[in-house]
Amino acid sequence: MPIFIPPVLGWTLGILGSAVVARVLAKEWRRVNDGLDAGASLRTAPENIPVLRRDPTSGIYRPE
């Protein structure tokens, strides 16, 4: 004896389910982006990166 679900109820459950999935994905998206943004502030400032100059005799790059 198969169970019959009225089409309106099926569509309603499908819409509600997709709304829940979209909400969970949006929350996860924000959480990941916040974590990436927090890591971006830990990067070295450009003025603190040593400049490398090539040694003309050996060809090795050395910091100034």
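Only a predicted model underlies this, so the values are computations on that prediction, with no experimental measurement involved.

The secondary structure content of the protein amounts to one helix and two strands. In sequence order, the protein lays out its α and β elements as α-β-β. Per-residue burial for the protein yields a buried fraction of 0% across its 64 residues. Accessible surface, the protein as shown: approximately 6,300 Å² in total, 67% of it carbon and sulfur.

Note that side chains of opposite charge can pair when their charged atoms are close. All chains considered together, the criterion is met by two salt bridges. With its nearest N and O atoms 2.4 Å apart, the salt bridge here joins Arg31 to Glu28. Of this pair, Arg31 and Glu28 are both found in helix H1 (residues 7-40), three residues apart, which corresponds to roughly one turn of the helix.

A grouping of Ile3, Ile5, Leu9 and Leu13 is seen on the molecular surface, where their side chains present a nonpolar patch of about 440 Å² in accessible area. Among the structural elements, Ile5 can be located in the segment before H1. Taking relative accessible area as the criterion, Ile5 reaches 49% and is therefore assigned partly exposed.

Criteria and thresholds
- Residues numbered from 1 in each chain as written.
- Predicted model: local features only at pLDDT ≥ 70, side-chain atom pairs only at ≥ 80, totals over all residues.
- Heavy atoms only, no water.
- Helix = DSSP H or I, 4+ residues; strand = E, 2+ residues; numbered from the N terminus.
- Buried < 20%, exposed > 50% of the residue type's maximum accessible area, 1.4 Å probe, protein only.
- Areas by Shrake-Rupley, 256 points an atom, 1.4 Å probe, with all protein chains shown as cover.
- Salt bridge = Lys/Arg side-chain N within 4 Å of Asp/Glu carboxyl O.
- Patch = residues over 30% accessible without salt bridge, like charges linked within 9 Å, V, L, I, M, F, W, Y side chains within 5 Å.

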